[in-house]
Amino acid sequence: MKHRDWMRLALEEAEKAYSLDEIPVGAVIVRQGELLALAHNEKEKTQDPTAHAEILAIRRAAEKNGSWRLIDAVLYVTLEPCPMCAGAIIQSRIKQLVYGVSDPKGGAVESVMKVLNPELWNHKVEVIAGVREEECLALLKKYFQTKRTS
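Treat the numbers as computed from the prediction; the structure is a model and nothing was measured.

Thresholds applied
- Residues numbered from 1 in each chain as written.
- Predicted model: local features only at pLDDT ≥ 70, side-chain atom pairs only at ≥ 80, totals over all residues.
- Heavy atoms only, no water.
- Helix = DSSP H or I, 4+ residues; strand = E, 2+ residues; numbered from the N terminus.
- Buried < 20%, exposed > 50% of the residue type's maximum accessible area, 1.4 Å probe, protein only.
- Lys, Arg positive; Asp, Glu negative; His and termini not counted.
- Salt bridge = Lys/Arg side-chain N within 4 Å of Asp/Glu carboxyl O.
- Contact = heavy atoms within 4.5 Å.
- Phe/Tyr/Trp six-rings, centres within 6.5 Å; stacked < 30°, edge-to-face > 60°.
- Core = buried A, V, L, I, M, F, W, Y, C linked by side-chain atoms within 4.5 Å.
- Polar contact = N/O pair within 3.5 Å; in protein donor to acceptor, adjacent residues only side chain to side chain.
- Right-handed = clockwise from strand over helix to strand, strands pointing away.
- Expected span 1.5 Å × (residues − 1).

Teacher, can you tell me more about the side chain of Glu22 here?
Topologically, Glu22 is positioned in the loop between helix H1 (3-19) and strand E1 (26-31). Although Glu22 is buried, it makes no salt bridge; Lys43 carries the closest opposite charge, 7.5 Å away. Setting aside anything within four residues of it in sequence, one finds Glu22 in contact with Ala17, Asn41, Glu42, Lys43, Glu44, Lys45 and Tyr143.

Is there a simple way to explain the packing of aromatic side chains in this structure?
On inspection of all chains with the given rule, the structure shows 3 aromatic pairs. Considering the side-chain rings of Tyr143 and Phe144, the 5.0 Å spacing of their centres and the 85° angle between planes classify their relative orientation as edge-to-face. Take Tyr143: its relative accessible area is 7%, and that puts it in the buried class.

Help me understand the nonpolar core, please; the structure alone is not making it clear to me.
Most often, soluble globular proteins have nonpolar side chains that are buried together. Core analysis: the biggest nonpolar cluster contains 45 residues, and Ile29, Tyr76, Ile89, Leu97 and Leu116 have the highest contact counts within it. Each residue touching Ile89, except ones within four places of it in the same chain, is listed here: Ile58, Leu75, Pro81, Ile94, Leu97, Leu116 and Val125.

Which parts of the structure should I look at to understand the pattern of salt bridges?
Any two side chains of opposite charge can pair, given that their charged atoms come close. Taken as a whole and judged by the stated rule, the model has 8 salt bridges. With a shortest N-O distance of 2.8 Å, Lys16 and Glu13 are connected by a salt bridge. One end of the pair, Lys16, and the other, Glu13, are both in helix H1, 3 residues apart, so they sit about a helical turn from each other. Owing to a relative accessible area of 41%, Lys16 belongs among the partly exposed residues under this scheme. We note a salt bridge from Glu42 to Arg60, for which the minimum N-O separation is 3.4 Å. Of the two residues, Glu42 sits in the loop between strand E2 (34-40) and helix H2 (43-46) while Arg60 sits in helix H3 (residues 53-65), which places them 18 residues apart along the sequence. Among the residues examined, Glu42 registers a relative accessible area of 10% and is labelled buried. Where salt bridges share partners, they join Arg8, Glu12, Glu15, Arg132 and Glu135 into one cluster.

Explain the side chain of His52 here, please?
As for its position among the elements, His52 is in the loop between H2 and H3. Look at His52 and you get buried, because its relative accessible area is 16%. At 3.4 Å, the side chain of His52 and the backbone oxygen of Pro49 are in polar contact.

What should I look at first to understand the pairing of strand E3 (residues 73-79) in this one?
Regular strands place their side chains on alternate faces of the sheet. Burial of E3 is extensive: 7 of the 7 residues sit out of reach of the surface. Running through helix H4 (residues 83-91), the crossover from E3 to the neighbouring parallel element strand E4 (residues 96-101) is right-handed.

Just checking my understanding: could you explain H3 for this structure?
Each α-helix winds once per 3.6 residues, and so residues spaced three or four apart point in a common direction. With 13 residues, H3 extends 18 Å from end C-alpha to end C-alpha; this agrees with the ideal 18 Å at 1.5 Å per step. For H3, the complete set of buried residues consists of Ala53, Glu54, Ile55, Leu56, Ala57, Ile58, Ala61 and Ala62. On the buried face of H3, the contacting elements are E1, E2, E3 and H4. Backbone geometry just downstream of H3 places Gly66 in the positive-phi region, at approximately 75°.

Written as structure tokens, this is what we have:
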């Protein structure tokens, strides 16, 4: 499968979050073509501020992997990760991050700050941005428009 295909799965997770009245962010972790984990935001459901899609996916992938080291894994997420999630990406040794849309208010990869800056860490994360960007953005806009009108 290609980046667009894996991101489609992340979008399906984001749509699940939307249907549960969560901010619609979805994440998928893959290694060597094998699906390790799927997740979507669950902050409202769990009342856990760390229940971001990326964190939940990393936890599930580590459990399936039998190790916290997710070497050679690729994380697909519909929205640019926040500082907490970017830190977890480094700590879990994820090889590549592929995200859909930038977050100009809270993104910690390329927008507000650059937590994954290779000059800061011994672990380097390859970043690909803008995969299925329009679809990811449309779902987020739809969610926040409904919040503003209710």
